[in-house]
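Coordinate analysis (summary)
Chain by chain, the residues:
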Amino acid sequence: MQLPGPAYREYDYILAGGGMAGLSFAYYLSQSSLSTKRILLIDRGVRKEQTFCYWSDEAFEFDFLAEKSWDSLHFHSARPSSSQFSIAPYTYRKIKGKEWFAHVEAELIKSPHIHYLQAEIQSINYQGLGSCVQTSAGSFYASEKIIDSFSPFPCDHTNPKHLKQHFLGWEVECNFNNFETDAAHLFDFRVAFGKECEFMYVLPTSPRKALFEYTFFSGTLREPDYYRDKIKSYLFAYYGLSEDDYLLKEEESGIIPMRNSVNKPANLHQKHLKIGTSGGFVKSTTGYSFYRTQKFCQNLVAALEKGPSTTVVIPYRPWKIWLDEVFLRVLIDQKIAGSKVFESLFHNNPPALLLKFLQEETTWKEDLRLMWSVPTFPFVKAALKTIYRSKIK
């Protein structure tokens, strides 16, 4: 990153972590009245290939960076049956991670008060009236806030009861025109044969190029070659492509915790504020985070501009959290195949309402409508189990 190195040991704000959440916060900070504060961004400087996807029904900050956008989506059930539907008033967009990072870094360079340190973060703790970040390059003190997107979210990768979204994706370029680009394939459950929730996610960006991601919502991880073999089989089965017919351009993979935080969101009086995954920015039932992160960071910076307050980092909505807990419990218990749950949601509800629900913009009446559209027994059992667990804690 081409920002100036640290000039001080004490800053007003220290941003611990320079991933998507940390740089999003830095970006909105640089656009605000707080841009004259002394700001230090600390990151180890290692990035994986990433793709950012989101849907919105209004103009959005980074729409112009979208490699491709779609106004309709395909849904393929395990029955099998397929449908294509409009998602109006929403538009679904795909941004290449490297393009987004390059744009944000170019904007940050324009802010002379933002400095950058490439180092390993070792610990974050309180010190005096402020807080301190211990790094491999020494200690740095924040007089106002540490914005922490570095601390991990508690999730045991070896525990099958800790639900995770785990995936591996290939961007492939075909030797000839082979992909229809009018719609994205959000869920393809034709690959699902067991109780685990597994599906293919396909984003065709041109007649010759598309992103294929094999995804699980489950607790048990696989070896990388498992996902790769699934993608190869899918390309051959549904597109007639052998390995000689396409070029692998990029590979990306990830593991995203699908759990709600046990802690309530911090308020702005605190010196150490968590954002990103550990701050609850990731939607636990889907793994989507890009759009939520932008909205939360915008709102957080706006609240900080107003001065000390009891505003929380993210909205605390017990009803929405409980709905997520019930949904996650259904996927963990596997009393019904995950594919059947999503089939019920997509076949019994308008697509725009589903996207609104996943964006946490629905009313409680709309939430109830969606809950009544899924198989009753496993959800009632999961709801009762969730209530019981909350009583004994």
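Cut-offs applied
- Residues numbered from 1 in each chain as written.
- Predicted model: local features only at pLDDT ≥ 70, side-chain atom pairs only at ≥ 80, totals over all residues.
- Heavy atoms only, no water.
- 1 Å grid on protein atoms, 1.4 Å probe; cavity = no way out; pocket = protein on both sides within 12 Å on 5 of 7 lines; lining within 4 Å.
- Points joined across faces, edges and corners; volume = space filled by probe spheres on them.
- Helix = DSSP H or I, 4+ residues; strand = E, 2+ residues; numbered from the N terminus.
- Nonpolar A, V, L, I, M, F, W, Y, C, P; charged D, E, K, R; others polar.
- Pairing = 2+ DSSP bridges.
- Axes fitted to C-alpha atoms, helices over the stretch in contact; angles between N-to-C directions.
- Buried < 20%, exposed > 50% of the residue type's maximum accessible area, 1.4 Å probe, protein only.
- Contact = heavy atoms within 4.5 Å.
- Core = buried A, V, L, I, M, F, W, Y, C linked by side-chain atoms within 4.5 Å.
- Patch = residues over 30% accessible without salt bridge, like charges linked within 9 Å, V, L, I, M, F, W, Y side chains within 5 Å.
- Areas by Shrake-Rupley, 256 points an atom, 1.4 Å probe, with all protein chains shown as cover.
- Salt bridge = Lys/Arg side-chain N within 4 Å of Asp/Glu carboxyl O.
- pLDDT = per-residue confidence, 0-100.
- Polar contact = N/O pair within 3.5 Å; in protein donor to acceptor, adjacent residues only side chain to side chain.
- Right-handed = clockwise from strand over helix to strand, strands pointing away.
- Phe/Tyr/Trp six-rings, centres within 6.5 Å; stacked < 30°, edge-to-face > 60°.
- Lys NZ or Arg CZ within 6 Å of the ring centre and 35° of its normal.

Focus: empty space enclosed by the protein
- Under the definition given, this model contains five cavities of 30 Å³ or more.
- There is about 120 Å³ of room inside the largest cavity.
- Of all the secondary structure elements, the ones that give two or more residues to the lining of the largest cavity are α5 (318-333), α6 (338-348), α7 (351-358) and α8 (364-371).
- It is α5 that provides the largest number of residues to the lining of the largest cavity, a total of three residues.
- In terms of residue class, the lining of the largest cavity is built from ten nonpolar, two polar and one charged.

A few points about the layout of surface pockets
- What the second largest pocket holds in volume is close to 1,400 Å³.
- Considering the residues around the second largest pocket, the lining is formed by 49 residues, among which Asn 260, Ser 261, Val 262, Asn 263 and Glu 325 are closest to the centre.
- When residues of the lining of the second largest pocket are assigned to their parent elements, the largest contribution, nine residues, is made by α5.

Some thoughts on the sheet that holds strand β3 (residues 51-56)
- One open sheet holds the three strands; their spatial order is β3-β7-β4, and the pairing between them is antiparallel. The sheet is open, and its two edges are formed by β3 and β4 (68-70), each paired on a single side. Within this sheet the neighbouring strands show an average axis-to-axis angle of 20°, counted without direction.
- Where β4 meets strand β7 (residues 91-96), three bridges bridge the pair, whose relative direction is antiparallel. Directly across from Trp 70, in β7, lies its bridge partner Tyr 92.

Points about the pairing of strand β5 (residues 72-76)
- Of all the five residues making up β5, five are buried; the element is thus mostly covered by neighbouring parts of the structure.
- A two-sided burial pattern is seen for β5, the buried positions comprising Ser 72, His 74 and His 76 on one face and Leu 73 and Phe 75 on the other.
- Linkage of β5 to strand β6 (residues 82-86), two consecutive antiparallel strands, is achieved through a turn of five residues.

Focus: the sheet that holds β6
- The strand order β6-β5-β13-β14-β15-β12-β16 describes an open sheet built from seven strands, whose pairing is mixed. The open sheet has two free edges, formed respectively by β6 and β16 (246-257), since each of these has just one partner strand. For this sheet, the mean angle separating the axes of adjacent strands, direction not counted, is 15°.
- Two elements, β5 and strand β13 (residues 184-188), share four bridges in a ladder whose sense is parallel. Bridging from a neighbouring strand, Leu 73 pairs with Ala 184 of β13.
- Strand contacts of α6: β5, β6, β13, β14 (197-204) and β15 (209-218), with the helix running at about 135° to β5, the strand carrying the most contacts.

Regarding the nonpolar core
- Counting 45 residues, the largest nonpolar core has Tyr 92, Phe 187, Phe 189, Leu 203, Phe 342 and Phe 346 as the members making the most contacts within it.
- With seven residues, α5 is the largest single contributor of residues to this core.
- Non-local contacts of Phe 346, meaning those with residues more than four positions away in its chain, are made with Phe 75, Phe 85, Leu 186, Phe 187 and Leu 354.
- Core analysis: the next-biggest nonpolar cluster, separate from the first, contains 42 residues, Tyr 13, Phe 60, Phe 296 and Ala 303 among them.

Structural notes on a nonpolar patch on the surface
- A contiguous nonpolar surface patch, about 500 Å² in accessible area, is contributed by Trp 319, Trp 364, Leu 368 and Trp 372.
- With respect to the secondary-structure elements, Leu 368 resides in helix α8.
- In this structure Leu 368 comes out as partly exposed when scored by relative accessible area, which is 31%.

Describing the confidence of the model for the protein chain
- On average, residues of the protein chain score 92 in pLDDT, and 99% of them are at 70 or above.
- Taken element by element, the predicted model of the protein chain shows its lowest mean pLDDT in helix α9 (residues 376-392) (84) and its highest in β4 (98).

Describing the side chain of Thr 386
- Along the chain, Thr 386 falls in helix α9.
- Assessed through its relative accessible area of 11%, Thr 386 is described here as buried.
- Within the structure, the side chain of Thr 386 is placed 2.7 Å from the backbone oxygen of Ala 382, a separation counted as a polar contact.
- In this structure Thr 386 touches Trp 322, Glu 325, Val 326 and Arg 329, once residues within four positions along its chain are discounted.

Structural notes on the pairing of strand β1 (residues 10-16)
- Taking burial as the measure, the seven residues of β1 include six buried ones, the bulk of the element.
- Bridge count for β1 against strand β11 (residues 138-148) is six bridges, and the pairing is parallel. Bridged to Ala 16 within β11 is Asp 148.
- Relative to strand β2 (residues 39-43), β1 runs parallel, the two sharing four bridges. Along β2, the bridge assignment pairs Ile 14 with Leu 40.
- With helix α1 (residues 20-30) bridging β1 and its parallel neighbour β2, the resulting β-α-β unit is right-handed.

A word on the packing of aromatic side chains
- Inspection of every chain in the model, using the stated rule, returns 45 aromatic pairs.
- For the ring pair Phe 60 and Phe 290, a centre distance of 6.3 Å and an interplane angle of 80° mean the geometry is edge-to-face. Of this pair, Phe 60 sits in the loop between β3 and β4 while Phe 290 sits in helix α4 (residues 290-305), placing them 230 residues apart in sequence. A single burial state applies to Phe 60 and to Phe 290, both of which are buried.
- With a centroid separation of 5.6 Å and an interplanar angle of 5°, the aromatic rings of Phe 187 and Phe 189 are classed as stacked.
- The exposure class assigned to Phe 187 is buried, which follows from its relative accessible area of 8%.
- Its relative accessible area of 0% is what places Phe 189 among the buried residues.
- Chaining the aromatic ring pairs together yields one cluster made of Tyr 27, Tyr 28, Phe 52, Tyr 54, Phe 60, Phe 62, Trp 100, Phe 101, Phe 290 and Tyr 291.
- The residue whose ring lies beneath Arg 222 is Tyr 226, and the NZ or CZ to ring-centre distance is 5.5 Å.

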